[in-house]
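# Structure at a glance
Chain residues, written in single-letter form:
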Amino acid sequence: MEISAIKINYQIEPIGIEKIENISWELVSSDRNVFQKAYELQISENEDFSEILFDSKKVLSEESAHIKIDESILKLKSCQKYFIRVRTESSDGKKSDWKNSSFVTALVSLDELMANFISIESENDNNDSKGSHLRKEIVMNKEIKSAYALSSALGIYYLFINGKKVGIDELTPGWTSYNKHLLYQIYDVKDYLQTGKNVIGGMVGAGWYKGKMGFLGFKNHYGKRTAFICQLAVEYTDGTKEIFVTDNTWTGAFGPIIFSEIYDGEIYDANLEIKNWCETSCEYNSWNKTELVDFDKSVLKAQSGSKIRKITEIKPKKIFKTPEGDTVIDFGQNMTGWIEFNARGKKGDCVEFSCFEILDANGNVYLDNLRSAKQKIKYIFNDSGEDVIYHPYFTFQGFQYAKIISYPEEPKKEMFTAFAVHSDMEVTGEFECSNPDINQLQHNILWGMKGNFLDVPTDCPQRDERLGWTGDAQIFCRTAAFNMDIYTFFSKWLRDLKEDQTAEGGVPHVVPDILIGKSEKDRLMQDGEHSAAAWADAAVICPWTLYLVYGDKDIIYKQYDSMKAWIDFMQKHSNNNIWNYKLQFGDWVALDAEEGSYFGATPNDLTCTAFYAYSTGLFAKMAEIIGNLEDAKKYKKLYTEIVETYQKTFFKEDGHLNVQTQTAQILTLYFDLVKAENRAKVAEDLIKLLEKENNHLVTGFVGTPYFCHALSQNGYIKEAYDLLLKDDFPSWLYQIRQGATTVWEHWDGLRPDGTMWSPDMNSFNHYAYGAVGDWMYRVIAGIDCSEKEVGYKHSIISPRLGGGFDFVKSSFKSVYGRIVSEWKVGGNKAEILIEIPCNTKSTIRIPDAKKIIDADGLKFEEENGVLSAETGSGIYKIKFEM
Ligand code: BGC
């Protein structure tokens, strides 16, 4: 048994943790049924562990995840590197070697923060979106042993030392509810510094902080001027320490970025560059004084992971001329990020292009669905005559194409590279099968995620929106958790959700919230700026999902008050257990809506009350999990009452729902709001409603995610596969037939006759309908977890063979290690390959097996008509007859 990786707070060798919240390790072994019996964990400041600060000694425990260290035993110092090592003993007495790792602390207390926010902007610059340079020359006369820089900004910033950008993060500090929660980053900067003179600097732009955000076009959501903060902690080899901080002895100037906005793009005038601005050789002598900016520093928090980075590089597929004569670059993939170009121009020349998602029916540039977002990049050359490599600093674009407006020479493919820029999360899921369309769908789901996980889970990355719509995030959360490790990403966002809840517990439509109090101009929102069913329920469903997938109760503790406030809000505003409130999105953009309407046909009373019941039920379970039995009892009772009311209100005496829409049947089945004796009737009604649409879905954001589950859980696995495999309009594969490389916002974004849904809301990179990915992993591959032993400590492997697939290959990397489920079919025989990680158990169920031919050592027994076996870790190849 070996330890393959140690994670601290869900990260490998993290830099900048405030405290140890969670330690986990993965065990690997070629033996079967390997369990950990004991572990030993040590922490030291020295790599050779010559002096040990913390020694767990031998702990008899099976737990290899969610290990905590009592803070009173190990007091961590700020900006300090620590080494950690773990070894384990298995149930059969085998010992692993020590596995070593490390972490670096952030500030363990904000009392140690001496730096202040500084700016060269004044409040009168509130409408400007210029970039500024802030700098200071500092001297270090001794040999440097270690150096860590802490930095952040009101705006977007990059830290520079001696002419070099520090680290690989982009668009820092990301987007949070800044005035309540602002993240800072920590960098190991020893290699950027030298004994003697150094220059440290910050480049700052408007970003989400003061730039235009939201479809109503407001600026300055958080403040009127950008600012930068930095604290550099240096330790010299002689043991002495020194701290350098931003204060008003720093100087600054506006630089070459004369305009940069999230939606509209960036203008860079190289004629305004300050040569060597962050180097000791800089000769510029018009630096301005900086001013201190008042900001409540107690809201600062070290960023815990999922930092935005350049993740994937894509070269253009082609450059072509449209029928209207525009020169267009096609990258062959819809994405979010930047186009980097390499060009040489003379003074007065410029590179200018605008980014967009799709061509119209005639093959011409289509910008209308960007609404007011310009997504335009302009670079103005100076007289240096040098080759320039450039991508924007303070903005990002959603695009597959770029229309070249100006270029100093004939643009060629090799001059351009696109970078997909998003939060850096470990890829944890794989799904592949013998059907290429489904593989393309998996690709599109993944790229929808890459495109919309840019620090905040956004609806879309291209138009003047790009907001953290709570509903979209809730819908996609479980699928996302298969594809990538989303723990730090979502727990950070949930903190903002909590911060932005109304005093009464209402949940904003978007988090970070920039709508409440500002949307009176909006024709939909006016009075209903928060608390919509399925959207606001992100407050409960997302923490529940994180708990299920990662097995970590911390998220329940952290979000408990927020969840409870949300349930109480619904209760307060419900009428005899029927909940409905102001503006509801209902089954958003369902096809059973009236022509031109966004609102599907399922009535709000039903969708709202269904979610009220579902969230209350989940909350009651979570209260029990953390031992709050009083709440558990109270909310279980409330849950039972809501379900009874639901049944009384929406069921007819004959056991059928009085609302005959696909979504009504789906919610009723999936949320288990039906009496057992009526379940089959509701399921049959769902089949009838499907048949009525010639076996197509007409569901929107609310019904679609659970459609296939509602079918497969109720005896209609074939119908679920058929639905997934439909490829005419409307369907998932219809989009693929139309050449989609990401998931669309609307089933009819691009209609069979070539027309498009209205440009007022037509994104081609919206992850919500990609939520079917959850069904692909949980049902086709059959990788699921038990609610009793969460975090896949006890996995349930129950693949459903079908869809005419010859094979499926899927895996998911849980906190304990990689789970594999693969199957292949030949005639009436099939074979399943399963891998269960060490220190976990699994129940293997094969509903499609009539007779096991080779159990590979497992003992299958019939349980409710399904052949099932229990096992521990190992690789198993099971052959059976279907
Ligand atoms: C967004 C959606 C969002 C919806 C709420 C749209 O503009 O793009 O994805 O959930 O509004 O109604």
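Below, the structure is looked at part by part.

### Structural notes on the overall build of the protein
Looking only at helices and strands, the protein features 14 helices and 48 strands. Based on the C-alpha atoms only, the size of the protein along its principal axes is roughly 85 × 70 × 55 Å. For the protein, buried positions account for 64% of its 882 residues. Long-range pairs, those at least 24 residues apart, make up 74% of the contacts in the protein with a sequence separation of at least 6. Between the averaged position of the 99 positive side-chain charges in the protein and that of its 128 negative side-chain charges there is a distance of 2 Å.

### A closer look at the side chain of S821
Counting through the fold element by element, S821 comes out in strand 42 (residues 817-826). Given a relative accessible area of 0%, S821 falls into the buried group. Within polar-contact distance, the side chain of S821 engages the backbone oxygen of A781 at 2.6 Å. Setting aside anything within four residues of it in sequence, one finds S821 in contact with A781, I783, I797, P799, V808, K809, S810 and L833.

### Considering the sheet that holds strand 18 (residues 251-254)
Across a sheet, strands are paired by hydrogen bonds formed along the backbone, either parallel or antiparallel in direction. Across the sheet, six strands lie side by side as 13-12-15-10-18-21; this open sheet has antiparallel pairing. Both edges of this open sheet fall to strand 13 (164-165) and strand 21 (288-289), since each of them pairs with a single strand only. Sheet topology places strand 12 (residues 156-161) next to strand 15 (residues 196-205); six bridges connect them, and they run antiparallel. Considered in strand 15, the bridge of L159 is made with G202.

### A word on the nonpolar core
Core analysis: the largest hydrophobic core is formed by 245 residues, its most contacted members being W208 and I486. Looking at this core, the element that brings in the most residues is helix 7 (residues 604-625), giving twelve residues. The residues contacting I486, other than those within four sequence positions of it, are M425, M449, F453, C477, A480, A481, L546 and Y550. Within the second largest apolar cluster, 25 residues are counted, among which are I161, F228, C230 and W250.

### Some thoughts on the site of the ligand
Taken together, D459, R463, E465, W469, D472, W535, F585, W588, F701, E745, M761 and H766 are the residues near the ligand. Coverage of the ligand by the protein amounts to 96% of the 310 Å² it exposes when considered alone. For the shell around the ligand, a count of residues per class yields six nonpolar, one polar and five charged.

### Regarding the layout of surface pockets
Think of a ball as big as a water molecule: rolled over the atoms, this probe shows where empty space is left. Here the largest pocket is characterised by a volume of approximately 1300 Å³. In this structure, the largest pocket is lined by 41 residues; those nearest its centre are Y670, H709, Q713, R778 and D784. Of the residues assigned to the lining of the largest pocket, the class counts are 19 nonpolar, eleven polar and eleven charged. There is about 840 Å³ of room inside the second largest pocket.

### Some remarks on helix 4 (residues 487-500)
Given a rise of 1.5 Å per residue, 14 residues ought to cover 20 Å, and the 20 Å separating the end C-alpha atoms of helix 4 matches this to within 8%. Counting buried positions along helix 4 gives eleven out of 14 residues, so the element sits mostly inside the fold.

### A word on the packing of aromatic side chains
Summed over all chains, the structure comprises 73 aromatic pairs. On the numbers, 5.8 Å between centres and 40 degrees between planes, the contact of W544 with Y547 is tilted. Here W544 pairs with Y547, and both are found in helix 5 (residues 538-550), just three residues apart, close to one helical turn. The exposure classification of W544 matches that of Y547, with both residues buried. Ring plane angle 85 degrees and centroid distance 5.3 Å describe the contact between W744 and F764, whose orientation is recorded as edge-to-face. A residue pair is termed long-range when its members are at least 10 positions apart, and W744 in the loop between helix 13 (732-737) and helix 14 (773-780) and F764 in the loop between helix 13 and helix 14 qualify at 20 residues. Residue W744 shares its accessibility class with F764, and that shared class is buried. Put simply, the rings of Y158, Y268, F341, F353, Y379, F381, Y390, Y393, F394, Y407 and F416 touch in pairs and so form one group of aromatic residues.

### Overview of the packing of helix 6 (residues 554-572) against helix 7
Packing of helix 6 against helix 7 brings their axes to within 10 Å, and their N-to-C directions diverge by 145 degrees. The two elements helix 6 and helix 7 cross, and the hand of that crossing is left-handed. Listed contacts from helix 7 to I556, Y560, M563, K564, W566, I567, M570 and Q571 of helix 6 are Y612, S615, T616, F619, M622, A623 and I625. Classifying every residue of the contact of helix 6 with helix 7 by side-chain character gives eleven nonpolar, three polar and one charged.

### Notes on the pairing of strand 18
In terms of strand pairing, strand 10 (residues 132-140) meets strand 18 through four bridges, oriented antiparallel. When the bridges of strand 18 are listed, L134 appears paired with G252. Judged from the two bridges that link them, strand 18 and strand 21 form a sheet pairing that is antiparallel. Each bridged residue has a counterpart across the sheet, and for T251 the counterpart in strand 21 is K289.

Thresholds applied
Residues numbered from 1 in each chain as written. Predicted model: local features only at pLDDT ≥ 70, side-chain atom pairs only at ≥ 80, totals over all residues. Heavy atoms only, no water. Helix = DSSP H or I, 4+ residues; strand = E, 2+ residues; numbered from the N terminus. Buried < 20%, exposed > 50% of the residue type's maximum accessible area, 1.4 Å probe, protein only. Contact = heavy atoms within 4.5 Å. Lys, Arg positive; Asp, Glu negative; His and termini not counted. Charge placed at Lys NZ, Arg CZ, Asp CG, Glu CD. Polar contact = N/O pair within 3.5 Å; in protein donor to acceptor, adjacent residues only side chain to side chain. Pairing = 2+ DSSP bridges. Core = buried A, V, L, I, M, F, W, Y, C linked by side-chain atoms within 4.5 Å. Near = heavy atom within 4 Å. Areas by Shrake-Rupley, 256 points an atom, 1.4 Å probe, with all protein chains shown as cover. Nonpolar A, V, L, I, M, F, W, Y, C, P; charged D, E, K, R; others polar. 1 Å grid on protein atoms, 1.4 Å probe; cavity = no way out; pocket = protein on both sides within 12 Å on 5 of 7 lines; lining within 4 Å. Points joined across faces, edges and corners; volume = space filled by probe spheres on them. Expected span 1.5 Å × (residues − 1). Phe/Tyr/Trp six-rings, centres within 6.5 Å; stacked < 30°, edge-to-face > 60°. Axes fitted to C-alpha atoms, helices over the stretch in contact; angles between N-to-C directions. Left-handed = near helix turned anticlockwise from the far one by under 90°.

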